[in-house]
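Residue-level structural notes
Next come the chains, spelled out residue by residue.
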Amino acid sequence: MTTPNDTPTPATTPTPTRIAFSPCPNDTFVFDAWAHGRIPGAPPLDVTFADIDITNGIAERREEAYDVLKVSYAVLPYVLDDYALLPCGGALGRGCGPLVLTREPNVDLSDKRVAVPSETSTAYLLFRLWAADTVPGGGVGEIVVMPFHEIMPAVRDGKIDAGLVIHEARFTYQNYGLHKLADMGEHWEATTGLPIPLGAIIARRDLGTETLTAYANAIRTSVRQAWDDPETSRPYVMAHAQEMDPAVADQHIGLYVNEFTADLGEDGYAAIRGLLTRAAAEGLVPALAPDALRFP
C-alpha cells in the first residue's frame, strides 16, 4: 500500500534566466555553453537577440522582462541603482575601439554630419571625449543615429559625411573604399593608458547575491569552455553572425573576448571608473556613486 509519504515528488523545472544580448560573434561565443545547457547546475537560458541600443533602452526603462542584459558601459550611471555590473562576460580590451570613417582622408568634422550607432553607446561617449580633445570647438555639425550595419554604405554613398563604426567594421571598412579618420580606442589608450570599456553585462539587483554570483560563475565557465573547445561554439556563432565571413568572425572573437571577459580585474575596473569619471567631468553622464560598481 502506498502512503502519502511514499508518493514521488514531481521533478521541478528550473525557471529560465531571461537574457538579452547581441547576435555578434563575441556574445554568442561567450554564452554558447550556457545557452545550450552545458554548464552543470546553471539555470537554463531564455535568450533574446537584440542590438545593444535596444538593450540599453530596456535597462533605462527598468523592464522586468529580462534578468540579465548586455549594455553599453555608457548607460551604467543611469541604471546601477537597479542593476549590478557582473565582473565578467563583457567587452573590454586594447586595440578594439570604435573608428571614425570618411570617404576622403583628413576631413574636418566641425561642420559635417556624422552617423553614430546610438547616442547611449560607449562608442558615442568615446567619440564625444575624442571630439572634445581634437575637433575645433569640440563638436561636429550634426549627429545622425543610424543602425550600425547601414553606416558604412551611407558614408560610401555620400549620404553622410562620416560614420562612427563598431565591431567587425574594423576589419571590413576598406572593402567600402573608406578611410580611417581616427581610432577612438587609440585616443583613449594614449590619453589614459587604460583598456577600452565597450559592453557590460548587468543583472537585476533584486535577484539577490546568491543568484548574481551564480550568474557570474556560469558566465566564467561558459567563456572557459568556449576557449577550450572553440569549434563547439562555431555553429551558434555563425548562425547569428549576419552572413559574416567565418574568418572575420574569428577576428572579431579574438579581439573582443579576452582576459577581461573572464574577469574584469583591477585594470578593467580602473578603465570603467576612468571612462565614467572623465565623462561625468565633461558633463556627459551623471557621476557614479562611490560603490556603484561593487559586486554583488
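This text follows the structure it describes.
Starting afresh in each chain, residues are numbered from 1 along the sequence in its written order. Side-chain atom pairs in this predicted model are given and counted only at pLDDT of 80 or more, local residue features only at pLDDT of at least 70, and totals for whole chains, interfaces and linings cover all residues. No hydrogens and no water enter the side-chain calculation; it runs on all heavy atoms of the structure.

Digging into helix H1 (residues 25-35)
With 10 of 11 residues buried, H1 is to be regarded as a mostly interior element. Within H1, the full set of buried residues consists of Pro25, Asn26, Asp27, Thr28, Phe29, Val30, Phe31, Asp32, Ala33 and Trp34. Phi turns positive, to about 70°, at Gly37, one or two residues after H1. Summary of the burial criterion: residues with accessible area below 20% of their type's maximum are buried, those above 50% are exposed, and those between are partly exposed, where the area comes from a 1.4 Å probe applied to protein chains only. Strands are runs of DSSP state E lasting at least two residues, helices are runs of H or I lasting at least four, and both sets are numbered from the N terminus onward.

Observations concerning empty space enclosed by the protein
In this analysis, the protein atoms alone were mapped onto a 1 Å grid. Cavities are point sets where a 1.4 Å probe fits without being able to get out; pockets are open sets with protein on both sides within 12 Å along at least five of seven lines; lining residues have an atom within 4 Å of a point. Grid points are joined across faces, edges and corners, and a volume is the space filled by probe spheres set on the points. Tallying each qualifying case throughout the model produces one cavity of 30 Å³ or more. When its volume is computed, the largest cavity comes out at roughly 40 Å³. We call Asp, Glu, Lys and Arg charged. Ala, Val, Leu, Ile, Met, Phe, Trp, Tyr, Cys and Pro are nonpolar, and the rest, Gly among them, are polar. Tallied by class, the residues present in the lining of the largest cavity amount to six nonpolar, two polar and one charged.

Section: unusual backbone geometry
At the junction of Phe295 and Pro296, the peptide bond is cis and its omega measures out at -5° in the coordinates. Its place among the elements puts Pro296 in the segment after helix H12 (265-281). In the Ramachandran plot, Asn106 falls in the positive-phi region, its phi being about 55° despite a non-glycine side chain. When you line up the elements, Asn106 lands in the loop between strand E6 (99-102) and strand E7 (113-116).

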